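# Notes for the structure review
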Amino acid sequence: MQTPRCLAVVPVDVDDRTAPLGCAALRELRHRPLLLWALSALQSSGIPHEVVVAVPPALAEAVAQILQVSEVPVEVLPVEADGPGHLLLAALDARPACDAEVDAEVVVVHDPLHPLSSGALVRDVVRDLLAVPGRAASVPAHAVTDTLKWVDEHAVVLGTADREAYRMVYSPQAYRWGALHDALAGADDHVLRARGCEVLPHLVRACGGAVSLVPAGGEGLRVAGEDDVVLAEALLQVADTQT
């Protein structure tokens, strides 16, 4: 699969005081930091032309040491800012698109707290993004299987939501460089500090960009705390028995 110039950005932040160095992406799954799982998916996809890990300066040395061991060809970019949106915007500004091709160039944003996402999923979201001219973003999503209840301020149930109209969104996500940069550049500080895979698609849609959802399975699991690590390990064990 041939793609336009593609930059992959992995924002890594100080976000969990119970994690190593206060960074959930440095938690380990099968003795590998979650960050390396995410980078391996990007590398195995064959899609990005370059990968940037954007980090606060306090994490730069630790992340660089991890990447030396992994031999993954990426650059660590220290950013004097707090929040995923700020880190991402700084990475885009450090790797500007060619003016003549700003709408053609692709940015893959990968949250390292989704370590089970595969290289195939990276290819799927980029392929979907490029399938329709003018599409601003393609995001992996999974149908909601839990029952959703409407409640009032006293937690009294008012009704049941139609879950068919809801989707959970995951990572990695693919964007047109221009659509993503413009959305981030115009965003308020509290939005740039916000966490979660739903933030960027909502921001791009609010700026008029068309966002497409790509069906994804359980591989999109978000792994944040220690309980999530245990669940991810169980999923990997099941996958091992099936191969």
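Here the structure is a predicted model, which means the values were calculated and not measured.

Basis of the calculations
Residues numbered from 1 in each chain as written. Predicted model: local features only at pLDDT ≥ 70, side-chain atom pairs only at ≥ 80, totals over all residues. Heavy atoms only, no water. Buried < 20%, exposed > 50% of the residue type's maximum accessible area, 1.4 Å probe, protein only. Helix = DSSP H or I, 4+ residues; strand = E, 2+ residues; numbered from the N terminus. Contact = heavy atoms within 4.5 Å. Salt bridge = Lys/Arg side-chain N within 4 Å of Asp/Glu carboxyl O. Axes fitted to C-alpha atoms, helices over the stretch in contact; angles between N-to-C directions. Parallel < 35°, antiparallel > 145°, perpendicular 65-115°, else oblique. Patch = residues over 30% accessible without salt bridge, like charges linked within 9 Å, V, L, I, M, F, W, Y side chains within 5 Å. Areas by Shrake-Rupley, 256 points an atom, 1.4 Å probe, with all protein chains shown as cover. Phe/Tyr/Trp six-rings, centres within 6.5 Å; stacked < 30°, edge-to-face > 60°. Lys NZ or Arg CZ within 6 Å of the ring centre and 35° of its normal. Polar contact = N/O pair within 3.5 Å; in protein donor to acceptor, adjacent residues only side chain to side chain.

## Here's the deal with helix 5 (residues 177-185)
- Every buried residue belonging to helix 5 is among Trp177, Gly178, Leu180, His181, Ala183 and Leu184, and all of these are buried.
- Elements in contact with the buried residues of helix 5: helix 3 (84-94), strand 6 (106-109), strand 11 (173-176), helix 6 (189-193) and helix 7 (199-206).

## Section: the pattern of salt bridges
- Enumeration over the complete set of coordinates arrives at 13 salt bridges.
- Its salt-bridge partner being Glu50, residue Arg95 comes within 3.0 Å of it at the nearest N-O pair. Of this pair, Arg95 sits in the loop between helix 3 and strand 6 while Glu50 sits in strand 4 (residues 50-55); the two residues are 45 residues apart in sequence, bridging distant segments of the chain.
- Among the ionic pairs, Asp82 bridges to Arg195, the shortest N-O distance being 4.0 Å. Of the two residues, Asp82 sits in the loop between strand 5 (75-78) and helix 3 while Arg195 sits in the loop between helix 6 and helix 7, which places them 113 residues apart along the sequence.
- Judged by relative accessible area, which is 37%, Arg195 ranks as partly exposed.
- A network of salt bridges, in which partner residues are shared, links Arg5, Glu50, Glu75, Arg95 and Glu105.

## Some thoughts on the packing of helix 5 against helix 7
- Two elements in contact, helix 5 and helix 7, have axes whose closest approach is 9 Å; the angle formed by their N-to-C orientations is 90°. Considering their axes alone, helix 5 and helix 7 lie roughly perpendicular with respect to each other. Taken together, the residues of helix 7 that come into contact with helix 5 (itself represented by Ala179, Leu180, Ala183 and Leu184) are Leu200, Leu203 and Val204.

## Digging into a nonpolar patch on the surface
- On the surface, Trp150, Leu158 and Tyr166 cluster together to form a nonpolar patch covering roughly 340 Å² of accessible area.
- Tracing the backbone shows Trp150 in strand 8 (residues 149-151).
- For Trp150, a relative accessible area of 47% corresponds to the partly exposed category.

## A few points about unusual backbone geometry
- Put simply, Ser171 and Pro172 share a cis peptide bond, and its omega is 15°.
- Structurally, Pro172 is set in the loop between strand 10 (167-169) and strand 11.
- At Arg30, a residue that is not glycine, the phi angle is positive and equals roughly 55°.
- By secondary structure assignment, the location of Arg30 is in the loop between strand 2 (28-29) and strand 3 (32-33).
- The backbone of His31 shows a phi angle near 65°, a positive value even though the residue is not glycine.

## Some thoughts on the packing of aromatic side chains
- Using the criterion set out here, one finds zero aromatic pairs in the structure.
- The ring centre of Trp37 lies 4.9 Å from the NZ or CZ of Arg32, which sits over that ring.

## Some words on the side chain of Gln173
- Mapped onto the elements, Gln173 comes out in strand 11.
- A distance of 2.5 Å separates polar atoms of two side chains, one belonging to Gln173 and the other to Tyr175.
- The residues touching Gln173, leaving out its near neighbours within four places in the chain, are Val107, Val108, Val109, Ser138, Val139, Pro140, Cys197, Leu200 and Pro201.

## Remarks on the environment of Ser44
- Within the secondary structure, Ser44 sits in helix 1 (residues 34-45).
- Contacts of Ser44, omitting those with residues within four sequence positions, involve Gly119 and Arg123.

## What to know about the environment of Arg95
- The exposure class assigned to Arg95 is buried, which follows from its relative accessible area of 16%.
- Sequence separation of Arg95 and Val52 is 43 residues, and the distance between their C-alpha atoms is 9.2 Å.
- Not counting chain neighbours up to four residues away, the residues in contact with Arg95 comprise Arg5, Leu7, Glu50, Val52, Glu75 and Trp177.

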